Amino acid sequence: MEPITENQDAASKRFGTLNLSIIGMGTEYPPFSLDSKALDILTKRHYPDSPAMTKIRVINKYTGIDTRSAIGTVDHPMANMDRAPTIGELCEVFLKDGVALAVTAARKALHEAQLSATDITHVVSTTCTNSANPGFDHYVCKQLGITQPVEKVLLHGIGCSGGLASLRTAANLALGSSFMGRKARILVVALEISSLLVRSELDSINELQETRIGVTLFSDCASACILGNGVGEQAEPVYELLGWEHRIIPDTEQDLGFDVDPLGWKVVLSPRVPKLTAAVVPSTFTDLLSTLPDLPPNFKEAADFDWALHPGGATILSGVERVMSISAEHMRASYDTYIKHGNSSSATIFSVMDRMRQKEMDELAPGGKVKDFVVGAAFGPGISIEMCIMKRNLNHVRRTLVVTGEVTPPMTETDPSDGSQSDVEGDVDLEKEVDTVKKQGEQLSQKLEMVQPDILDQGESLADGLGGVELD
C-alpha cells in the first residue's frame, strides 16, 4: 500500500456530495417564563443574605436574558422544599414533563418531514440533565409509537455541544446507510431540564460563598430534527448538511463542565470560557471551509454566511461576533433565542436553526439579504467545538404542527401552581434588544466592582469572567 501524501491527505478530508438533508424540525419550550425576579424570590425564601448571594442577584439582572423558559413557575414544589431535590427526584420530573416536551418536538419534526413514526430508521438523542437507564430516548420512542427495530444512540457528557454532536453522529450513520444503499431517516432529539437545578446551585452559592453564574443562564427545552440521506422519496430539504468539524481545545477540561452530584448536576464555568471559545472559532471555520471547495466563490468570509451560534452567554455571542467580523444581524436568531428563552444547553442549537428560517428573522438579515449558506456552531465540555456548514432552502415552506392543549399544563403533580405561560413568538425589535444586551454587559462589569468585589467566581475574578470578551 502506498503511503498517503500530503495532497492525498488533504483531498481525503474534503466533503463531496453527501446528499444529507434536514427535512423537518421541531422545537418545544415549556409553558412558563421566568424573569429575573424569580431568582430573587427563591433566594429570599430559602437563603440568608450573604455577599455571594447579593452578587448573584446583581448578575442575574444583567445577563441580557428577558425570560427563561421553565417547566414550572417560581412556586414549583421541587424548588420550594426544605432542601434541594435529589437526583432521583429530578429524574422523575425529567421523565414525566421533559419526555412530554421531547415527544411534541419530535412530532413537529415528523410532521414537517411528512413522515410517520414507522418511517424512522435511527434515533440519535442527547441530554446532560438526566442519566436514567434506559435513557429518555427509550420513552420518547415508546410514546411516539416507534416499535419497529431502529438503531438508537444516546449521547451524554457533551453538554451544550450535544445538539450538533448528535447531528454529526446522525450524519455518519446516514452515510453508512448510503454506502449500503439503504434509506436513512434519522430522528435527532435534544432534551434539557435545567430549571429545577436552581436549589442545588443556590446551596453551593450559600455554602461555598462563590459566585456561580450558571444559575442565571439555563432554561428548559426540547428540540428535534429529521436527517435524511436522499435514498428513496423524501420531503424537500430545510437545510442541506454539507460538512462538519469537531475539535477539542487542549487542557481546558476544568473550564467548562457539568459535574454529577447527589443533588443533580453542578455547572462548571470558568472566567476563561468566552476568550477560549472566541479564539478557536476562526481556525475551525477556515479549516471547515477548506473541506468544501465547491462552495460558490462569493462565500469565503465569515460575513458571507448567516450564523446559527449556540447562545451560551452574552459574552460568547459578542466574542464570536468580534473575532469573525460579523454583526449581530448575522446571529439574529441566536440573540433572539437567548433573550427570550435563555440557554437551554444542547437543545438550543436546533431552536436557533428553527427560528432562523422564520419570516421575522429574515426581515432582520444584514442589509436585508438572507444568506444561502449558514454556519452552525456550539461549544461543550472539553472544551469542544462543533461546527457545520449548511445550505438553507430559501424556498422551503414551513409546515407547522398545531398542538392543542398544553404539553406541561399548570395543574400537574409536579407543578400544581398557577403561572404565566410563555408567549408565542411575536413582533421582533431585535436590534433594540441586542443593544440592550450589550449595554447590560458593560454595566455589569461596573456593578461588580461596587457590589461585593471580594467574592470570586469558581477560582478567578468574576469581573474577568463576565467581561472576558469586552463588549462593544
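For the structure itself, look to the data block above.
Residues numbered from 1 in each chain as written. Predicted model: local features only at pLDDT ≥ 70, side-chain atom pairs only at ≥ 80, totals over all residues. Heavy atoms only, no water.

Asks: When you look at the packing of helix 10 (residues 332-341) against helix 11 (residues 348-356) in this model, what are you seeing that I'm missing?
Replies: Between helix 10 and helix 11, the shortest axis-to-axis distance is 8 Å and the interhelical angle comes to 120°. Comparing their axes, helix 11 and helix 10 come out oblique. Viewed along their axes, helix 10 and helix 11 form a crossing whose handedness is right-handed. Taken together, the residues of helix 11 that come into contact with helix 10 (itself represented by Ala-333, Ser-334, Asp-336, Thr-337 and Lys-340) are Thr-348, Ser-351, Val-352, Arg-355 and Met-356. The class makeup of the residues in the contact of helix 10 with helix 11 is 3 nonpolar, 4 polar and 3 charged. (Axes fitted to C-alpha atoms, helices over the stretch in contact; angles between N-to-C directions. Helix = DSSP H or I, 4+ residues; strand = E, 2+ residues; numbered from the N terminus. Parallel < 35°, antiparallel > 145°, perpendicular 65-115°, else oblique. Left-handed = near helix turned anticlockwise from the far one by under 90°. Contact = heavy atoms within 4.5 Å. Nonpolar A, V, L, I, M, F, W, Y, C, P; charged D, E, K, R; others polar.)

Asks: Would you mind going over the packing of aromatic side chains with me for this structure?
Replies: Between two aromatic rings, the relevant description is the distance of the centres plus the angle of the planes. By the definition in use, this model includes 7 aromatic pairs. Centre to centre, the rings of Phe-94 and Phe-136 are 5.9 Å apart; their planes meet at 80°, and the pair counts as edge-to-face. Separated by 42 residues along the polypeptide, Phe-94 in helix 4 (residues 87-113) and Phe-136 in helix 5 (residues 136-144) bring together distant segments of the chain. Since its relative accessible area comes to 2%, Phe-94 is described here as buried. Taken together, a centroid distance of 4.6 Å and an interplanar angle of 65° make the contact between Phe-299 and Phe-373 edge-to-face. A residue pair is termed long-range when its members are at least 10 positions apart, and Phe-299 in the loop between helix 8 (273-290) and strand 11 (306-309) and Phe-373 in strand 12 (residues 373-380) qualify at 74 residues. Aromatic ring contacts, followed pair by pair, group Phe-285, Phe-299, Phe-305, Trp-307 and Phe-373 into a single cluster. (Phe/Tyr/Trp six-rings, centres within 6.5 Å; stacked < 30°, edge-to-face > 60°. Buried < 20%, exposed > 50% of the residue type's maximum accessible area, 1.4 Å probe, protein only.)

Asks: How do you make sense of the pattern of salt bridges when you look at a structure like this?
Replies: Should their charged atoms come close, side chains of opposite charge can pair. For the coordinates displayed, the defined rule picks out 20 salt bridges. Its salt-bridge partner being Lys-108, residue Glu-28 comes within 2.6 Å of it at the nearest N-O pair. Note that Glu-28 is positioned in strand 1 (residues 20-28) and Lys-108 in helix 4, a separation of 80 residues in sequence. There is no split in this pair, since Glu-28 and Lys-108 are both buried. In this structure, the salt-bridge partner of Arg-355 is Asp-336, at a minimum N-O distance of 2.7 Å. Residue Arg-355 is located in helix 11, and its partner Asp-336 is located in helix 10; the two are separated by 19 residues in the primary sequence. Within the structure, one salt-bridge network assembled from shared partners comprises Glu-112, Asp-354, Arg-357 and Arg-398. (Salt bridge = Lys/Arg side-chain N within 4 Å of Asp/Glu carboxyl O.)

Asks: Got a minute to help me understand helix 8 in this structure?
Replies: Since the α-helix packs 3.6 residues into each turn, any two residues three or four apart lie on the same face. Between its first and last C-alpha atoms helix 8 spans 26 Å; for 18 residues at 1.5 Å apiece the expected length is 26 Å, and the two agree. Residues Val-273, Pro-274, Leu-276, Thr-277, Ala-278, Val-280, Val-281, Thr-284, Phe-285, Leu-288 and Leu-289 constitute the buried set of helix 8. (Expected span 1.5 Å × (residues − 1).)

Asks: Would you take a moment to explain the nonpolar core for this structure?
Replies: Proteins that are soluble and globular tend to have nonpolar side chains buried together. If you look at the biggest cluster of nonpolar residues, it comprises 93 residues, and the most contacted ones within it are Leu-227, Phe-305 and Trp-307. With 7 residues, the single largest contributor to this core is helix 8. Excluding residues within four positions of it along the chain, Trp-307 makes contact with Val-281, Phe-285, Ala-302, Met-324, Ile-326, His-330, Met-331, Ser-334, Met-356, Val-375 and Met-387. Core analysis: the second largest hydrophobic core is formed by 35 residues, Leu-90, Cys-141, Ile-146 and Ala-222 among them. (Core = buried A, V, L, I, M, F, W, Y, C linked by side-chain atoms within 4.5 Å.)

Asks: Would you mind going over unusual backbone geometry with me for this structure?
Replies: A negative phi angle is the norm for most residues apart from glycine, just as the trans form is the norm for most peptide bonds. With an omega of 0°, the peptide bond running from Asn-133 to Pro-134 counts as cis. With respect to the helices and strands, Pro-134 occurs in the loop between strand 4 (122-126) and helix 5. Of the consecutive residues Gly-382 and Ile-383, the connecting peptide bond is found in the cis state with omega at -10°. Its place among the elements puts Ile-383 in the loop between strand 12 and strand 13 (384-392). Positive phi values are uncommon outside glycine, yet Ser-325 reaches one of about 55°.

Asks: Looking at this structure, how should I read empty space enclosed by the protein?
Replies: To find leftover empty space, a probe the size of one water molecule is rolled over the atoms. The final tally for this structure, using the stated rule, is 5 cavities of 30 Å³ or more. Taken as a whole, the second largest cavity holds about 290 Å³ of empty space. Surrounding the second largest cavity, 24 residues form its lining, Arg-68, Ser-194, Ser-195, Leu-196 and Val-198 being those nearest its centre. Those elements giving two or more residues to the lining of the second largest cavity turn out to be helix 2 (36-46), strand 3 (68-70) and helix 7 (198-208). For the lining of the second largest cavity, the per-class residue count stands at 14 nonpolar, 8 polar and 2 charged. (1 Å grid on protein atoms, 1.4 Å probe; cavity = no way out; pocket = protein on both sides within 12 Å on 5 of 7 lines; lining within 4 Å. Points joined across faces, edges and corners; volume = space filled by probe spheres on them.)

Asks: Looking at this model, I keep getting lost on the sheet that holds strand 7 (residues 221-228). Mind explaining?
Replies: The pairing of strands in a sheet comes from backbone hydrogen bonds and takes either a parallel or an antiparallel form. As summarised here, the arrangement of the 9 strands in space is 5-4-6-7-1-8-13-12-11, forming an open sheet in which the pairing is mixed. Sheet topology places strand 5 (151-155) and strand 11 at the edges, where each strand pairs with a single neighbour. With strand direction ignored, the average angle separating the axes of adjacent strands in the sheet is 25°. Pairing analysis gives 7 bridges linking strand 1 to strand 7, with the strands arranged antiparallel. (Pairing = 2+ DSSP bridges.)

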